[in-house]
Amino acid sequence: MIRFLLTLTLPALLAASAQAERLPLSTEYWKSEVFLKEFNGSYRINANIEPVLTSEERGLLVKIQDLMAKGQRNETIKTLQTSELLNSSAAIQFNLANVLTEEDELDEAITYYKKALATFPSFLRAHQNLGFAHFKKEDLEKARDHLLEAVRLGANNGTVHGLLGHCFLEKEQYEPALRSFREALITQPESRDWSLGIAQALQNLERSDEAFTLYQKALKEDPENKNLMLQVALLHNDRGETTQSVALLESLRRQDALAAPFELLLGTLLVGQDNLEVGAATLKRVLTKEDFKQPDRALNAIQFCLERGLNPLALELHKLIRQDDLTPGGLTIYQRLKARILLASQPGAPAGLEILDALIAKDPLDSHSLFLRARQHLIAEEPFQALIVFDQAIHAQGPFTPRAQLEKAQLLVKLQRYPEAIKEIKSYLVTHSNDTRVREYLQAVTDLHTASSPDEN
């Protein structure tokens, strides 16, 4: 009988626990020549889309230009703050906000940008610079709204599009992020921030080869950049290049620059390389750190040890998990792992079955626990009970539904119930049409059915 490989690969097991965070905008960008040129250009007023200046406003702005040219920013702020025009003039409110932004007085700057927009709602550069200020305060949601409005009003500079790209990344909107970063590169082609933004968008769109090329280029230009080292290490792992990934992760660990989730990845990769002593020590080191408060991240490592048949190590790691720090979902996985460890050591172990039954009673749509329970019925040679529970897992419409469909189909073949098996396999293929192995299995079962029922043909 054809059997299916139903174990998870290492990249799949670790995908949820070892994704790199969004690379932040370089702190140097705000001081860069390209940004300062675009920001300083915003002091000018475009009468076609922004407030028309009165003679009084123009005179005041000429005065502060002289002060700014001499570097007298505090005097500039005082001059603007004491002007009678400040209460009614969007242009004066806007220019005061700009000077405050340059002085990193962001909260006060935001107040005056908002006043300028209340006075003149379609003030393009006020929306743009308010977006910049919100972004510097790491309030990307508010930054996004004003940057988008600036684009709608006609803004087309690299900073607006580049920062929008970061806002889209934060919202996991990767296609618009990719477009925004590419627009940013048109006017700022030398910006590494925007190139790395493109790489991150491509990586999240599962266009890993393109992302890998960009990250490698950036790392060659800046070989000491730890964020880039981590990104390249993770992409090596995605590409199945474990040795290269381990080398980079270990280098980061030795520099004390490897966060706990990625040190867990390092330990798991070492276990996968059969470097059990070092891998196990790495995993235990993370789990026993006093400041490690993310035990959910460690559960995939335990699952991987189980998949490798390393039950004693899985049990040892499981005992190190601090249950009080687990999320509700993590606690469910933790309990299920305990059942799996018990049942791997002793199929049909009453304590393991009791845990699974409790999880199913708590959540009748827990497709994973249902799947595991059905398998225990198979081991106990209780095929009809197994069919019932596989059906429950299938109807739960959860992540283990496809695997339950395949196991049920194989059991039906074993019971010589070929028409039902064929129906189940076809149902699986509706959502997995590219699974060539299962298509071949369907043909084999169909042939077997034909051979066993000659009178029907």
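Quick caveat, the model's predicted, so the values are computed rather than measured.

Caption draft 1: The overall build of the protein chain, seen in detail. Of regular secondary structure, the protein chain possesses 25 helices and zero strands. Here the C-alpha radius of gyration of the protein chain, 30 Å, is well above what a compact globule of 457 residues would show, namely 23 Å. If you line up the protein chain on its principal axes, its C-alpha atoms span 100 × 55 × 40 Å. Each of the 457 residues in the protein chain was classed as buried or not, and the buried ones make up 49%. Taking all contacts inside the protein chain whose residues are at least 6 apart in sequence as the whole, residues at least 24 apart take part in 55%. Split by element, the accessible area of the protein chain, about 23100 Å² in all, is 50% carbon and sulfur. Of the side-chain charges in the protein chain, 51 are positive and 62 negative, and the distance between the mean point of each set is 1 Å.

Caption draft 2: Seen up close, the packing of helix 22 (residues 383-395) against helix 23 (residues 401-414). Their axes nearest at 9 Å, the elements helix 22 and helix 23 cross at an angle of 150°. Judged by the inter-axis angle, helix 22 sits roughly antiparallel to helix 23. Both helix 22 and helix 23 take part in a crossing whose hand is left-handed. Contact with helix 22, carried on its side by Pro-383, Ala-386, Leu-387, Phe-390, Asp-391, Ala-393 and Ile-394, involves Thr-401, Ala-404, Gln-405, Glu-407, Lys-408, Leu-411 and Leu-412 of helix 23 and no other residues of that element. Residues of the contact of helix 22 with helix 23, tallied by class, amount to nine nonpolar, two polar and three charged.

Caption draft 3: Representation of the environment of Leu-269 in the model. With respect to the secondary-structure elements, Leu-269 resides in helix 15 (residues 260-272). Exposure remark for Leu-269: the relative accessible area of 0% places this residue in the buried category. Along the chain, Leu-269 and Leu-80 lie 189 residues apart, while their C-alpha atoms are 60 Å from each other.

Caption draft 4: Representation of the packing of aromatic side chains within the structure. Counting across every chain of the model gives six aromatic pairs. An aromatic cluster of three or more residues is present, and its members are Phe-94, Tyr-113, Phe-120 and Phe-123. The ring of Phe-212 carries the charged tip of Arg-239 above its face, separated from the ring centre by 4.0 Å.

Caption draft 5: The arrangement of helix 18 (residues 311-320) in detail. Along helix 18, the residues classified as buried are Asn-311, Leu-313, Ala-314, Leu-317 and His-318. Considered in projection along helix 18, the buried side chains sweep an arc of 160° and stay on one side of the axis. Exposed side chains of helix 18 directed beyond 90 degrees from the buried face belong to Pro-312 and Lys-319.

Caption draft 6: View of the confidence of the model for the protein chain. Across the protein chain, the average pLDDT comes to 89, with 91% of residues at or above 70. Predicted confidence is poor over residues 1-18, with pLDDT under 50, and the contacts of this stretch with residues over four places away or in other chains come to 44 contacts.

Caption draft 7: Geometry of the environment of Leu-86. Checked against the element boundaries, Leu-86 lands in the loop between helix 4 (73-81) and helix 5 (90-102). A residue is classified by how much of its surface remains accessible, and Leu-86, at 6% relative accessible area, is buried. On a C-alpha basis, the gap between Leu-86 and Tyr-112 in space is 9.3 Å, while along the polypeptide they are 26 residues apart. With sequence-adjacent residues up to four places away left out, Leu-86 is seen in contact with Leu-80, Gln-81, Ile-92, Gln-93, Leu-96 and Tyr-112.

Caption draft 8: Molecular detail of the side chain of Ser-369. For Ser-369, the location among the structural elements is in helix 21 (residues 367-379). Overall, Ser-369 belongs to the buried group, its relative accessible area being 0%. Once you skip the residues sitting within four places of it in the chain, Ser-369 turns out to touch Arg-336, Leu-356, Leu-359 and Ile-360.

Caption draft 9: Summary view of the packing of helix 21 against helix 22. Contact pair helix 21 / helix 22: the axes reach a minimum separation of 8 Å and the direction vectors enclose 170°. One finds that helix 21 runs roughly antiparallel with respect to helix 22. Where helix 21 crosses over helix 22, the two elements pack in a sense that is left-handed. Contacts from Ser-367, Leu-370, Phe-371, Arg-373, Ala-374, Arg-375, His-377 and Leu-378 in helix 21 reach Gln-385, Ala-386, Val-389, Phe-390, Gln-392 and Ala-393 in helix 22. Taken together, the residues of the contact of helix 21 with helix 22 sort by class into eight nonpolar, four polar and two charged.

What counts and how
- Residues numbered from 1 in each chain as written.
- Predicted model: local features only at pLDDT ≥ 70, side-chain atom pairs only at ≥ 80, totals over all residues.
- Heavy atoms only, no water.
- Helix = DSSP H or I, 4+ residues; strand = E, 2+ residues; numbered from the N terminus.
- Rg over C-alpha atoms; globule rule 2.2 N^0.38 Å.
- Buried < 20%, exposed > 50% of the residue type's maximum accessible area, 1.4 Å probe, protein only.
- Contact = heavy atoms within 4.5 Å.
- Areas by Shrake-Rupley, 256 points an atom, 1.4 Å probe, with all protein chains shown as cover.
- Lys, Arg positive; Asp, Glu negative; His and termini not counted.
- Charge placed at Lys NZ, Arg CZ, Asp CG, Glu CD.
- Axes fitted to C-alpha atoms, helices over the stretch in contact; angles between N-to-C directions.
- Parallel < 35°, antiparallel > 145°, perpendicular 65-115°, else oblique.
- Left-handed = near helix turned anticlockwise from the far one by under 90°.
- Nonpolar A, V, L, I, M, F, W, Y, C, P; charged D, E, K, R; others polar.
- Phe/Tyr/Trp six-rings, centres within 6.5 Å; stacked < 30°, edge-to-face > 60°.
- Lys NZ or Arg CZ within 6 Å of the ring centre and 35° of its normal.
- Arc of directions from axis to C-beta.
- pLDDT = per-residue confidence, 0-100.

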